[in-house]
Amino acid sequence: MSDTVDKNDTVDKERGAGTGTAGSEDAAPRNGDAAAPGAAPVVDPRLLVREQGFAGYVTDFKRRVRGGELGSLPVILGLIIIAVIFQSLNENFLSAGSVSDIGVYIAGTGIMATGIVFVLLLGEIDLSVGSVAGVGAAVWAVLSVTNGVNDWLAVIIAIVAGLVIGSLHGFFFARVGVPAFVVTLAGFLGWSGLQIWLMGSEGSINTPESSVVEDLTGYYFEDIAAAYGLALVAVLAYAAALLVDAKRRKAARLPSRPVSEIVVRTGVMALVAFVAAYVLNQSRGLPLALVLFLAVLVIADFAVRRTTYGRQIFAVGGNAEAARRAGINVEWVRISVFGIAGMLAAFGGLFIASLSGGATKSLGAGNTLMNVIAAAVIGGTSLFGGRGKIWSALLGILVIQSIQQGLNLLGMASEIQYMITGAVLLAAVVIDSVSRRTQKTAGRT
Amino acid sequence: MAKEAVLALRGISKRFGAVQALTDVDLEVRPGEVIALVGDNGAGKSTLVKTIAGVHPIDDGTIVWEGTPVSINRPHDAQDLGIATVYQDLALCDNLDVVANLFLGSEASHASILDEITMEKRAMELLETLSIRIPSVRIPVASLSGGQRQVVAIARALIGDPKVVILDEPTAALGVEQTAQVLDLVERLRERGLAVVLISHNMADVQAVADHVAVLRLGRNNGVFDVATTSHEEVIAAITGASDNAVTRRQARTDKEAAQ
């Protein structure tokens with residue numbers, strides 16, 4: 001390991017020296033830091049990109065891939081392959097209606113997968129999300145439909161119930177010290193029992209017309225301005241965030257992204273956003289479900305990457321003992337993360353109830369749990385803790401839902417779907433393990 | 001050496017069940033001074049350090065901080081006083097980058113939103129003043145070499161502007177070059193007016209940077225020596241107890257009688 005690191009070191013130093021002699025204005029202040037003459041200037045490896053312009057971006061990208069830092073690359077490639085295969089088998093796969101359906105179907109399981117990403121970042125697992133989703137839906141249905149509680153209130157109580165259940169798992173895991181696997185396995189059984197008990201004699205409770213839960217997946221912003229507007233706002237916000245960050249970093253004389261990179265990133269983002277908006281507008285418009293899912297992702301991503309709380313989650317996932325010695329309240333982080341997972345599971349359960357037309361005794365059972373965990377892992381979140389992105393929930397659930405959608409269009413039976421989803425999950429974990437091995441030899445985790 | 005001790009331990013005792021780990025130990029730590037804490041395995045060095053760091057509360061004795069007795073019961077108490085500890089196992093998060101590790105637990109933030117720019121700037125300034133050279137402050141700690149990890153761990157102890165820095169065997173796992181870097185760093189800490197407690201088994205390191213050597217033997221003080229005027233052998237003798245035998249005891253007794 002140290003051998004490779006040293007090699008990297010010298011590469012960086014050589015490059016740093018090279019740019020220094022070239023007299024690049026950009027590099028000058030940083031190289032000026034070198035106190036002693038002859039001391040190698042410190043160069044941020046990420047700077048390779050910035051100092052060599054766009055060509056450097058490509059070299060850096062190749063270097064990362066060789067070093068095993070695949071990031072989202074395998075998933076995006078996988079999505080393209082899935083799209084090409086199914087489109088060649090059935091021309092309706094990429095039709096507006098089909099894509100719009102995928103956008104709605106991913107919301108519920110995707111929100112649950114977001115909760116799982118939180119738990120995986122801690123290096124733990126939550127096996128109970130399916131049952132918690134079922135309890136959430138059952139609580140809402142029993143309160144709102146059977147007992148006539150205010151619809152909004154029932155929804156909030158259902159979500160809070162998920163939060164409480166998740167925190168309870170967290171309590172047993174963090175405070176009592178029972179392994180999370182066992183706690184949530186017990187929860188998986190126990191909460192599904194509670195769900196069936198809550199539903200009582202009725203096998204299912206249908207969602208009433210124009211209730212909040214029906215709207216979750218049934219409402220579309222039909223005005224085409226909605227989808228385009230959201231895309232525009234998202235792209236502008238993204239570009240503004242990048243520009244402000246680059247400006248502040250430049251003001252602080254820290255390495256910053258060059259304008260060319262910001263333009264390329266914003267361009268890619270704009271392309272994806274507007275193509276998605278265009279396709280959705282060809283069908284029924286912008287689905288509310290997708291908007292809510294994206295909102296959950298944006299908030300969660302911000303919390304994880306930009307707040308002290310998120311930093312604490314990564315620290316506990318990476319080295320709990322180090323986090324404890326640094327004064328982080330490890331128990332609180334663990335309990336709250338399980339609480340978030342439970343809350344998002346219950347919220348996702350309402351989407352599933354909305355899609356399937358009501359709360360049932362078996363909602364969230366079957367392969368829901370496996371799909372949710374598979375989505376987080378396929379998206380690139382490590383099972384070993386401390387590594388991953390919130391957006392992997394979106395990418396992973398897109399893969400799973402695309403496969404299901406494609407196989408449904410081809411009229412394949414669910415047993416084939418199970419086998420294919422299983423194979424994709426295995427492939428994702430294999431990629432994770434292999435890339436970890438490559439990263440170890442390249443000195444990165 | 002007229003400076004007043006920033007941290008003084010008086011009559012510290014600590015028991016673990018039937019084991020008396022520390023008995024009546026005294027130690028004074030002065031600003032701008034490196035005091036090496038040496039002793040054989042089981043002599044109580046780590047226990048003593050852990051009592052200062054707040055990991056193990058003391059059973060008896062007093063801890064005096066800048067002239068006032070204090071009680072240190074939790075790691076947080078020690079941190080609040082200004083005692084920073086670098087543990088032997090470093091306690092870094094491999095998955096986080098250097099900046100995140102430096103500021104772990106004391107992140108710069110506004111309304112709990114991280115201020116990465118302030119942190120990165122301060123990290124670079126800190127590493128610069130300590131003349132620490134690492135490839136980048138934004139790479140995960142896992143990709144650093146052992147020596148680089150050690151200097152990051154030491155630099156991290158300095159983020160909270162401590163007055164006392166405790167280093168638990170900082171050079172134990174390091175090569176020649178990396179050991180020299182860490183010793184340089186220890187000297188820079190002293191130049192900055194910090195009090196440094198250095199635990200080491202390596203006499204060469206102790207002789208190289210320490211001003212005083214405090215020897216622990218079987219959980220008791222066994223002398224504090226001035227490094228400049230003490231020979232290697234005398235320190236070793238104090239550590240192993242080679243001078244603690246019938247001959248030397250008789251010598252001491254007769255000296256005392258002669259003095260009277």
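As the structure is a computational prediction, the values presented were derived from the model and not from experiment.

Trainee: Explain the overall build of chain A here, please?
Mentor: Scanning chain A from terminus to terminus reveals 19 helices and 4 strands. Sorting the 445 residues of chain A into buried and exposed places 41% on the buried side. A sequence separation of at least 24 residues applies to 77% of the contacts in chain A between residues at least 6 apart.

Trainee: Any chance you could explain the overall build of chain B here in plain terms?
Mentor: When helices and strands are tallied, chain B shows 9 helices and 12 strands. On C-alpha atoms alone, chain B measures out to a radius of gyration of 20 Å, which is about the 18 Å that the 2.2 N^0.38 rule sets for 260 residues. Counting only C-alpha atoms and orienting by the principal axes, one finds that chain B spans roughly 70 × 40 × 40 Å. For chain B, the proportion of contacts with a sequence separation of at least 24, taken over those separated by at least 6, is 68%.

Trainee: I would appreciate a short explanation of the sheet that holds strand E5 (residues 68-70) of chain B in the present structure.
Mentor: Strand pairs in the sheet, formed through backbone hydrogen bonds, run parallel or antiparallel to each other. Residue and element names in this part refer to chain B. Within the open sheet, the 4 strands sit side by side as E2-E1-E4-E5. Their pairing is antiparallel. The open sheet has two edge strands, strand E2 (19-29) and E5, and neither has a second partner. When strand polarity is set aside, the average angle formed by the axes of neighbouring strands in this sheet is 30°. Here strand E1 (residues 7-16) runs beside E2; their pairing, made up of 7 bridges, is antiparallel. Directly across from Arg 15, in E2, lies its bridge partner Gln 20.

Trainee: Can you walk me through the domain arrangement of chain B in this structure?
Mentor: Note on interface size: it is often stated as the accessible area lost on association of the parts. All names here are of chain B. We note that the domain assignment places domain 1 (7-82 + 162-259) and domain 2 (94-160) within chain B. Each of domain 1 and domain 2 was reduced to a C-alpha centroid, and the two centroids are 28 Å apart. Opposite the 13 residues of domain 1 that make contact, domain 2 presents 9 residues. Counting only elements with at least two residues in the side of domain 1 that touches domain 2, the list comes to strand E9 (164-168) and helix H6 (176-191).

Trainee: Teacher, can you tell me more about the pairing of E9 of chain B here?
Mentor: Consecutive side chains along a regular strand alternate between the two faces of the sheet. All names here are of chain B. Counting buried residues along E9, 5 of its 5 residues qualify, which places the element largely inside the surrounding structure. Residues of E9 alternate between two faces, with Val 164, Ile 166 and Asp 168 on one and Val 165 and Leu 167 on the opposite face, all of them buried. Strand direction decides the pairing type here: strand E6 (residues 83-86) and E9, joined by 4 bridges, are parallel. Paired with Thr 85 across the two strands is Ile 166, which belongs to E9. Note: E9 against strand E10 (residues 195-199), 5 bridges, orientation parallel. Bridge pairing in E10 places Leu 167 opposite Leu 198. Note on the crossover from E9 through H6 to E10: the handedness is right-handed.

Trainee: Looking at this structure, I do not really get the sheet that holds strand E11 (residues 212-217) of chain B. What am I missing?
Mentor: All names here are of chain B. Overall, mixed pairing links the 6 strands, which are arranged E6-E9-E10-E3-E11-E12 in an open sheet. The open sheet is flanked by E6 and strand E12 (220-226), the only strands paired with a single partner. Neighbour-to-neighbour, the strand axes of the sheet open up by a mean angle of 20°, direction not taken into account. Alignment of strand E3 (residues 34-38) against E11, held across 4 bridges, turns out to be parallel. For Ile 35, the partnering residue across the bridge sits in E11 and is His 212. Across the sheet, helix H1 (residues 45-53) is in contact with E3, E6, E9, E10 and E11; its angle to E9 comes to roughly 145°. Seen against the sheet, helix H5 (residues 146-157) touches E6 and E9 and runs at an angle of roughly 165° to E6.

Trainee: Any chance you could explain the confidence of the model for chain B here in plain terms?
Mentor: Taken residue by residue, chain B gives an average pLDDT of 85. The fraction at 70 or more is 98%. For this predicted complex, the interface score ipTM comes out at 0.78, while the overall pTM is 0.82.

Trainee: I keep staring at helix H6 (residues 96-121) of chain A and nothing clicks. Help me out?
Mentor: Note on helix geometry: an α-helix contains 3.6 residues per turn, so any two residues three or four positions apart are oriented the same way. All names here are of chain A. Look at H6: 35 Å from first C-alpha to last across 26 residues, which is about the 38 Å you get at 1.5 Å a residue. By the largest-angle criterion, Ala 107 marks the main kink of H6, which is about 40°. Most of H6 is tucked away: 21 of the 26 residues are buried. Just downstream of H6, Gly 123 is the residue with a positive phi angle, here 80°.

Trainee: Looking at this model, I keep getting lost on the nonpolar core. Mind explaining?
Mentor: The tendency in soluble globular proteins is for nonpolar side chains to be buried side by side. Within the largest apolar cluster, 181 residues are counted, with the highest numbers of intra-cluster contacts made by Ile 116 and Trp 140 of chain A together with Leu 198 of chain B. Ranked by residue count, the leading element in this core is helix H16 (residues 330-356) of chain A, at 15 residues. With near-sequence residues (within four places) excluded, Leu 198 of chain B lies in contact with Val 34, Ala 36, Leu 37, Leu 167, Val 186, Val 209 and Ala 210 of chain B.

Trainee: Looking at this structure, I do not really get the packing of helix H14 (residues 308-318) of chain A against H16 of chain A. What am I missing?
Mentor: Axis angle and axis distance: for two packed helices, these are the angle between their axes and the distance between the axes, and together they describe the pair. Residues and elements named next belong to chain A. For the pair H14 and H16, interaxial distance at closest approach is 10 Å and the crossing angle is 105°. Considering the angle they form, H14 stands roughly perpendicular to H16. Between H14 and H16, the residues in contact are Gln 312, Ile 313 and Val 316 and Val 330, Val 333, Arg 334 and Val 337, respectively. Across the contact of H14 with H16, the residue classes tally to 5 nonpolar, 1 polar and 1 charged.

Trainee: Quick question: what am I supposed to make of the environment of Thr 217 of chain A here?
Mentor: All names here are of chain A. With respect to the element layout, Thr 217 can be found in helix H10 (residues 212-218). Expressed as a C-alpha distance, the spacing of Thr 217 and Phe 351, which sit 134 residues apart in the sequence, is 6.4 Å. Ignoring sequence-local partners within four residues, the contact set of Thr 217 consists of Val 104, Ala 107, Ala 289, Phe 351, Ser 354 and Leu 355.

Trainee: Which parts of the structure should I look at to understand the packing of helix H7 (residues 129-146) of chain A against helix H17 (residues 368-378) of chain A?
Mentor: Residues and elements named next belong to chain A. Interhelical geometry of H7 versus H17 gives an angle of 120° and a closest axis separation of 8 Å. Taken together, the axis directions place H7 and H17 in an arrangement best described as oblique. Here Val 129, Gly 130 and Ala 133 of H7 lie close against H17, whose contacting residues are Thr 368, Leu 369 and Val 372. Looking at the contact of H7 with H17, its residues break down into 4 nonpolar, 2 polar and no charged.

What counts and what doesn't
Residues numbered from 1 in each chain as written. Chains lettered and ligands numbered in written order. Predicted model: local features only at pLDDT ≥ 70, side-chain atom pairs only at ≥ 80, totals over all residues. Helix = DSSP H or I, 4+ residues; strand = E, 2+ residues; numbered from the N terminus. Buried ≥ 20, exposed ≤ 12 C-beta atoms within 10 Å, placed from the backbone. Contact = placed C-beta atoms within 7 Å. Rg over C-alpha atoms; globule rule 2.2 N^0.38 Å. Pairing = 2+ DSSP bridges. Axes fitted to C-alpha atoms, helices over the stretch in contact; angles between N-to-C directions. Domains from an automatic or database assignment. Right-handed = clockwise from strand over helix to strand, strands pointing away. pLDDT = per-residue confidence, 0-100. Expected span 1.5 Å × (residues − 1). Bend = angle between axes of the 7 residues up to and from the residue. Core = buried A, V, L, I, M, F, W, Y, C linked by C-beta atoms within 7 Å. Parallel < 35°, antiparallel > 145°, perpendicular 65-115°, else oblique. Nonpolar A, V, L, I, M, F, W, Y, C, P; charged D, E, K, R; others polar.

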